[in-house]
Structure formats: C-alpha cells, structure tokens
Amino acid sequence: MSPKSTVRLTTFTAVLAWIALTVVDLFLGFELKNNVNTGVPNFLSGTFLTVYIVALFYFYKQKVENADSINFIDLLWRVFVTGLVATIVSVFIQFFLSFIAGTKLGEHELMQSFLYHINLGLILAFVISTYMVWKKLILYQKTKSLIRTWQVFEYSFLVSLLFYFLPYQFFDIPFTVVFAFLVSLGLIVSLNLKWVAYLNFKQKWKSILLVLLVILYLTYFLVYIIRNSGNGILISDLINHVSVLAVFAFILFYAIASLLVTLFNLPTTSVFEQKLEEVVNFQRLSQSSQTGQNQDEIFELLLDSSMSATFARAAWFEPINQTETVKIIRKNIPNNKIQEVKDTFNNQRLKKTVLPAFRNIRGGGDSTLIENISDSAYKSILVYPLEVQNEKIGTMVLLKEVSDGFNKDGINIVNTFGNQAAVSIENYRLLQSAIENERYQEELNIAKRVHESLLPSILESNDHFDISAFSGAADEVGGDYFDFHRISEDKLVLVIGDVSGKGTSAAFNMSQMKGVFHSLAQLDLSPAEFLGRANDALSRCLERTSFITLSYYVVDTALKSLEFSRAGHCPSIFYKQSQGEVQLIKSKGLGLGIIRDQEYCKYIETNNLNYTSGDLLVLYTDGITEAKNPANEEFGYDRLQQVVQNNVEKSAKELQDIIIDTLYEFTQTKHIEDDYTTMILKFK
Amino acid sequence: MHISSVLEEDHYIITINGDVDASSSIHLDEAMNEAIHGGHSKILIDCSALNYISSAGLGVFMSYLEELKAKNIHMVLFGLNEKVENVFKVLGLDQLLNIQPSKDQAKQEFHG
C-alpha cells in the first residue's frame, strides 16, 4: 500500500472509529443513566476504542517514519504543535463547559460525555503521535539489540490493547503486573538519548523549551484523565486502559529524561561543537587536494584549522622555499612582530643549548614544541614543523596571550591536522606530476609519429631485387636508422645505422643522420668518401660520448655489383647461392664520430662484391644479435646466420618475418630491450 | 656493475665488474676522469670481469681518446672476453685502443 493511501485509510478508520465509539458510549451511558436496555453490546465500546488506537498508531507511524527531515527540532516542534492544538481544544471545551455550567445543557451527562470523548480523541492522538516521535529519537543511532528491545516494547504495547477487554481495573494485580512490565520496557528504551548530543547550543535551548511544554501538556492531560475517571457514564475510562496508561508513563518519562539530559549537556556543547568543527576541518584538509586546491590554500586551511582547534590568538606559517607565489601566511600578526617572536624564541632556546626550531634547513626529525615565551604580547607558543615525505617544507607557529596555553591535546590535534595537510600536499604534488607526465607522454607520442615518418614506409622492389625492412624501438622513439636513395636508373644507395644509446637523444641523432644521408647520398660518392664526409658533418653535432655505426651500400643493378663500406656497424650477412652458404662480410671500419678529424678516413675502406640471382644481403643492427633470452644468452651472430641459412629460398619479406619470429621466440617477449632493425635484399 | 681503482706501483688499474650499460657508464666515466686527471700516465683497464658493454660504455672510452693522446697517457685494456672484444672490434675501437689478452702482456706494453 502506498504511504498516501495508508494515511487516507487510517484517517478514515480513525474518524469512523471515534464516531462509532462516541455513539456507542453515549448509548451505553444513556442506558446506565436511565436504566434501560437499548441492546447495544458492551464490548463494542472497547472494540471501537481499540480500532481507534490502532488506526492512530498506523497513521502516525506512516506520518513520522516517512518524514523527510530527521531534524530533531522539527520533530519536537511537531509534538509541540499537536499538543498545543489538543490542549487549546481541551481548554476551550473546559471553558465552554464552565460557561454552560448551571444550565440544563451543562448539567446533562450526555453532553459531558460527548465533550469528554472529544478530549479523549485528542489526548490519544497526542499520546500516540508523541510516542512515534520518541521512537524516532530513540532509534537514532540504532543498534541491532536496540531495535530488538524496541520491537518487544512495541509488540507488547499492541498485544496489551487486548487486555482492555478483560474485566480488570486500575490497580488490580494483573493490571499492575502488565503495567509494570510495559513501563519497565519503556524505561529500558528510554535510556537512549544519543540525539541530544548532536544538538548545537541553540538547538538544545529550543528543545528544552519544547520538551518542557510537552511535559506541561502531558501533565494537564493526565490530570484531566484522573479527574474524569470513576465517572461511569463516560464508559471509556482511560485510567483502566493499561496500554494507554503505560505509553503515557513512557512518553512522560522520556520527556523528563530528555529535558534533564539536554540541560546537563548544555555546558559541554561547546566542546562537542569544537570537536565537530575539528572533524569538518580535517575533512576539508583531506579533500583539499581532490578539489584542486594549491599548496598555499592547504597551508591556509591548516593554519585556520589549527588556530580554531587550539584557540590560538595569532599564528603564521612559514614555508621553507619561499618564492614569488609562496610566502609567509599570517593570521592576526604583523610581519615585524613575527621576527620579534622568532628572535625571542630562538634566544630562549639557545640558552638551553637546544637547536633553534626556526632553522630553515631541509630534513626531518623536528618535533612539535610547546613552550612559554617572554614576549610582550604572547606568553605561550606552539611550533609545528610540517613535513612531507620526511622533508620539512615549512614551520607553523601558534601563539597565545596566556602562559601554558597549549596542552597535549593541542599538540595532538595540530599533529593530526599537520599529517593530513602533508598527505594533501603530497597528493597535490603527485597529481601535478601525473599531469606533467601525461603531457610528456603526449609529447613522446608526437615524437614517435615524427620518428616513424623518418623511416621510409615504402621500399621499392623492382625487376632486379626484392627488398623488405623492419624496425622496432625499445622506447617510443629509437636510434636505429635505415634508408635508401636512388641515384640513377641502375644505382641505388642503401644504408643501415645505429646511433649509440637509445630513446630520445638517440632519435635526435638519428634524424641528424637522416639529414646527412639525404644531402650526401645524391652526390653519388663512393661509400668511403660518403663516410668521411658524414663523419665530418656529424662530428660537429654529436655530443662527446655519442657515435653512430653505419653500413653504406651502393647497389649497381647494371653491373650486378655491390660497393660498400662499414663504419663500425655489425657485419652484414651475405648469401651466395653458387657457394650455398651464408657468411659475415668482415671488413675494416670505424664508427662515425669516434675520431673527429681527417684521421678518420684512414680507418675506412671500400669493398666490392658481385651478386647473382638468388643471392641474399641481410643488413641488421645489434639490437638483434645482442637480444637476450631469460637465461641471459645473446641471440648472437651464429643463430642469425643459421636462420638465414635455413631460409635462403624464402622471399625477402618471408625471411624477415622468420627472423623476427625466431627472435621473439628466443627472447620470449616482443619487448626487446634495444632498438632492432633488419633490411633484407634478395636479388632476382 | 662495480668499479674499483687501485694503484700498483705506477700502474693505475681500473677493474670493471659486471655489465656497463647506459646508467652504469656514468661510474665508468667518473673512474676514467679520476685516473686521467690524477696525473697517472699508465692506466690499465681490467676487463676480465666485464660481462657486457653497451654503446654508452664504448662512448666513454671513445670520449677520452683525444685527451689520452694529448696528455701522452698510455692506456691498455686487458682480459676482455671474446664477446666483449668482438664488440670493440666491430666498432673499430680495437684500432684505437691498446687491447691485450692478459695483465702481464698489458704491463709489457708500458716497458716495450
């Protein structure tokens, strides 16, 4: 059933039940007065009363439990207003009764009974609505055992409604037993007054006032019930209703208990509020890095929080690394006074032969200090060194006008705030560096795209040969280089190189190499001449410890010859079909940039080879031969030659794929630690 | 990697242990720098425990070539294993550096 229809149904039932109860009671009262029998059975009165109570119970259960607000003052206000309405109506009725007193109508029992029933309806509504609000207050901060106790109490109350149908009256023994049982349960649950602690000072005063008025209403109603008891004509005598009486006792007791607890809690409220503020400040500090606050704002927050927690009069925070943007943060203290306090403090400590606390040096180990100082304005001081990851980043100083102003609790709370601030600052720094890293990563990705464009994407195979190349870099960018340049119809230059080192610096040098290659290659130089000039050019731009190894090949398809020089690059593999075996082409050579003058040319020679159809030339970089397997063995020249030897019938691309696959299989990873490149030429 | 330097008579001996890669080549550079600027004229590099040398490590040796020549400092490497020696050879550094099989033969170089 939806809450709305529950409210409607219970309202309807309650109103009907009250009307029925009043009519039945009037009839029964008339019978009693005139000694006649109207044929209305007695139990109807009790039934309608019970139905009325149950309907009210569910009506208020729905109303109170589903109230949006858990604001205690709102809840108490609700009780107060219900009570006020009930009381006003009740007082008005009393007034009306006294007004018509002496008249025939005023003396008429049925008139009195009718007015009594209006009061009865109102009292029950007030009692039950109060019960529901009390329930909500008691079950604030509930535990499993509390809920269970409450359920026992509530079900006992509901079951005890049936007791009304038994012929026991007020203070009969069974009545007393049931009453005592219900009231003791009520007392047990009444001990839950935690909600009081959550009120602030102003709210406590309000609640005291409201509860006081509620107690007043309850007393008034109790007196009313007692005054009207024993009047048989009224039929429904609440004094004989154990459930109502017990609940009445319960709500009255809880109201008194709340009043007293609130009253006694008043003086400590400020402490509780202080603690609450500390928690809030702590939370603000811990969230400050997430909300994108910078270090200054965190320092400021730390200063404010620590000041309010220790009731300090003045304070400042002095960061160790002061810059244009990071300066001393001051609270209630001028700059010159800061220096004065520092001097006083340091002098005092020097006398005690202890290190001054204001030393602006990095490194941790300082602890929080509290001391009295003999300053004109301030008598006690708290010095807190703020450390982030064991590195002192600043000093916070709190000052009070009274001596012995700071205590152990003060230190604890300042330490707690400080630690949280340190965590926030650390988070802030991590966040900053993460953003920075993100940017570097983006730059690297751009570098990677540029780098990729430096290597030729299409190699031209033609009628004379079939060519294929592959290059992999250990990092985003690498120092391996391969390229080609067509000089004429018959002449093609091939080059493969390896810049020392890897990563970004290697990639920069590799791009220099590309520039040198493209400017020199078109001059149609001999390989040795090319290397001499390249060495000359590169000597001007390579840093002291960098060098480049290179193999330079001029392929002449008309002469079917290879002219080549080796500048310290790993020896190429050549397969001569006529001989049926692969060999390393060993020749003299020296890496580019190792000797940076004309001497260099002495170490370079040009070699010649003739090729025929079916021959293979495999160029590569040391990333392949020096790749290691998990057992730390290198792939080596022998394995590479063996792979080529076993696959001489394959096309250039097929052979390349086989070499790379074999390499990955050997290293058991696709992430080779160095840049690795291969370029394969198969002659047709 | 571990590098130690000792002075045996007038021979300044640098012993390289383990792998010389990009990061550890800095320590090799420091040791070389110390040897050269310490005024020693006979420097021996013990490579018998050198397992692997990267291009950065080779770059260190390369960068001191001119200075050695200019200051007339004699430097001899010895005890290189086959793999390491091959790395020097491929690059062509064997033509510029004095490489000997053993310590005795290396010392001979100073007296020859």
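The shown structure was predicted, so the numbers you read here are calculated from the model rather than taken from an experiment.

A. Region of the structure containing the overall build of chain B. Assigned secondary structure in chain B consists of 5 helices and 5 strands. Order of helices (α) and strands (β) in chain B, N terminus to C terminus: β-β-α-β-α-α-β-α-β-α. Across the 112 residues in chain B, those meeting the buried criterion constitute 38%. The long-range share in chain B, meaning contacts at least 24 apart out of those at least 6 apart in sequence, stands at 71%.

B. The overall build of chain A, seen in detail. Looking only at helices and strands, chain A features 18 helices and 15 strands. Taking all 684 residues of chain A together, 36% fall into the buried category. By sequence separation, contacts in chain A at least 24 residues apart represent 73% of the contacts at least 6 residues apart.

C. Looking closely at the sheet that holds strand 2 (residues 329-331) of chain A. Residues and elements named next belong to chain A. Taken in spatial order, the 5 strands of this open sheet run 2-1-5-4-3, and their pairing is antiparallel. With one partner strand each, in any of the chains shown, strand 2 and strand 3 (369-372) form the two edges of the open sheet. When the angles between neighbouring strand axes are averaged without regard to direction, this sheet yields 15 degrees. As defined by bridge partners, strand 1 (residues 314-319) adjoins strand 5 (residues 391-400) across 6 bridges and the pair is classed as antiparallel. Note on strand 5: the bridge partner recorded for Ala 315 is Leu 398. Seen against the sheet, helix 13 (residues 408-454) touches strand 3 and strand 4 (380-388) and runs at an angle of roughly 30 degrees to strand 4.

D. Structural detail: the environment of His569(A). Residue and element names in this part refer to chain A. Relative to the elements of secondary structure, His 569 occurs in the loop between strand 10 (561-567) and strand 11 (573-576). Note on His 569: 26 C-beta atoms within 10 Å, which makes it buried. For the pair formed by His 569 and Tyr 552, sequence separation is 17 residues and the distance between their alpha carbons is 9.5 Å. The contacts of His 569, once residues within four sequence positions are left out, are Ile 496, Gly 497, Asp 498, Thr 549, Leu 550 and Ser 551.

E. Examining the interface of chain B and chain A more closely. Across the contact, 12 residues belong to chain B and 15 residues belong to chain A. Elements with a contribution of two residues or more to the side of chain B that touches chain A: helix 2 (55-63) and helix 4 (82-91) of chain B. Per-element accounting of the side of chain B that touches chain A gives the leading share, 6 residues, to helix 2 of chain B. Here the side of chain B that touches chain A is composed, by residue class, of 7 nonpolar, 5 polar and no charged.

F. The arrangement of the packing of helix 3 (residues 72-100) of chain A against helix 5 (residues 109-138) of chain A in detail. Residue and element names in this part refer to chain A. Between helix 3 and helix 5, the shortest axis-to-axis distance is 10 Å and the interhelical angle comes to 170 degrees. Our classification of the angle between helix 3 and helix 5 gives roughly antiparallel. Here Phe 72, Leu 75, Arg 78, Val 79, Thr 82, Gly 83, Ala 86, Val 89, Ser 90, Ile 93 and Leu 97 of helix 3 lie close against helix 5, whose contacting residues are Leu 115, Ile 118, Asn 119, Leu 122, Ile 123, Ala 125, Phe 126, Ser 129, Thr 130, Val 133, Lys 136 and Leu 137. Residues of the contact of helix 3 with helix 5, tallied by class, amount to 15 nonpolar, 6 polar and 2 charged.

G. Region of the structure containing the sheet that holds strand 10 of chain A. All names here are of chain A. Ordered in space as 7-8-9-10-13, the 5 strands form an open sheet in which the pairing is antiparallel. Strand pairing shows two members of the sheet lacking a second neighbour, strand 7 (480-486) and strand 13 (607-610), which therefore form its edges. Recorded for the sheet is a direction-independent mean angle of 15 degrees between the axes of neighbouring strands.

H. Looking closely at helix 2 of chain B. Across the 9 residues that make up helix 2 of chain B, a large majority, 8, are buried. Of the surrounding elements, those touching the buried residues of helix 2 of chain B are strand 2 (11-20), helix 1 (25-37), strand 3 (42-53), helix 3 (65-71) and helix 4 of chain B.

I. Focus on the pairing of strand 12 (residues 581-584) of chain A. Residues and elements named next belong to chain A. Where strand 11 meets strand 12, 4 bridges bridge the pair, whose relative direction is antiparallel. Within the sheet, the bridge partner assigned to Tyr 575 lies in strand 12 and is Val 582. Linking strand 11 to strand 12, which pair antiparallel, is a turn of 4 residues; within it Gly 580 sits at a positive phi near 75 degrees.

J. Main features of the environment of Asp490(A). All names here are of chain A. The topology assignment puts Asp 490 in the loop between strand 7 and strand 8 (491-499). In this structure Asp 490 comes out as partly exposed when scored by C-beta crowding, with 13 C-beta atoms within 10 Å. Taking the C-alpha atoms as reference, Asp 490 lies 9.5 Å from His 464; in sequence the two are 26 residues apart.

K. The arrangement of the packing of helix 10 (residues 269-287) of chain A against helix 11 (residues 295-310) of chain A in detail. Residues and elements named next belong to chain A. Close contact between helix 10 and helix 11 brings their axes to 10 Å; oriented N to C, the two are set at 170 degrees. Of the possible angle classes, the one that applies to helix 10 and helix 11 is roughly antiparallel. Contacts between helix 10 and helix 11 pair Glu 277, Glu 278, Asn 281, Arg 284 and Leu 285 from the former with Leu 301, Leu 302, Ser 305, Ser 308 and Ala 309 from the latter. Its residues assigned to classes, the contact of helix 10 with helix 11 comprises 4 nonpolar, 3 polar and 3 charged.

L. Representation of unusual backbone geometry within the structure. Residue and element names in this part refer to chain A. Positive phi, normally seen in glycine, also occurs at Asn 390, with a value near 60 degrees. If you trace the backbone, Asn 390 turns up in the loop between strand 4 and strand 5. Overall, the presence of 9 C-beta atoms within 10 Å leaves Asn 390 in the exposed class. With phi around 55 degrees, Asp 404 is a residue other than glycine that occupies positive phi space. On the secondary structure map, Asp 404 appears in the loop between strand 5 and helix 13.

M. Summary view of helix 3 of chain A. Residue and element names in this part refer to chain A. Its 29 residues place the ends of helix 3 42 Å apart at the C-alpha level, agreeing with the 42 Å of an ideal helix rising 1.5 Å per residue. Buried residues in helix 3 make contact with helix 5 and helix 8 (201-228). Where helix 3 terminates, the next one or two residues include Gly 102, which has phi positive at roughly 90 degrees.

N. Region of the structure containing the confidence of the model for chain A. All names here are of chain A. On average, residues of chain A carry a pLDDT of 88, and 95% of them reach 70 or more. Confidence, expressed as mean pLDDT per element, reaches its minimum in chain A at helix 4 (residues 104-107) with 73 and its maximum at strand 14 (residues 616-620) with 96. Here residues 360-364 is modelled with pLDDT under 50, and outside its nearest four sequence neighbours on either side it reaches 10 contacts, counting other chains as well.

Rules used throughout
Residues numbered from 1 in each chain as written. Chains lettered and ligands numbered in written order. Predicted model: local features only at pLDDT ≥ 70, side-chain atom pairs only at ≥ 80, totals over all residues. Helix = DSSP H or I, 4+ residues; strand = E, 2+ residues; numbered from the N terminus. Buried ≥ 20, exposed ≤ 12 C-beta atoms within 10 Å, placed from the backbone. Contact = placed C-beta atoms within 7 Å. Pairing = 2+ DSSP bridges. Axes fitted to C-alpha atoms, helices over the stretch in contact; angles between N-to-C directions. Nonpolar A, V, L, I, M, F, W, Y, C, P; charged D, E, K, R; others polar. Parallel < 35°, antiparallel > 145°, perpendicular 65-115°, else oblique. Expected span 1.5 Å × (residues − 1). pLDDT = per-residue confidence, 0-100.

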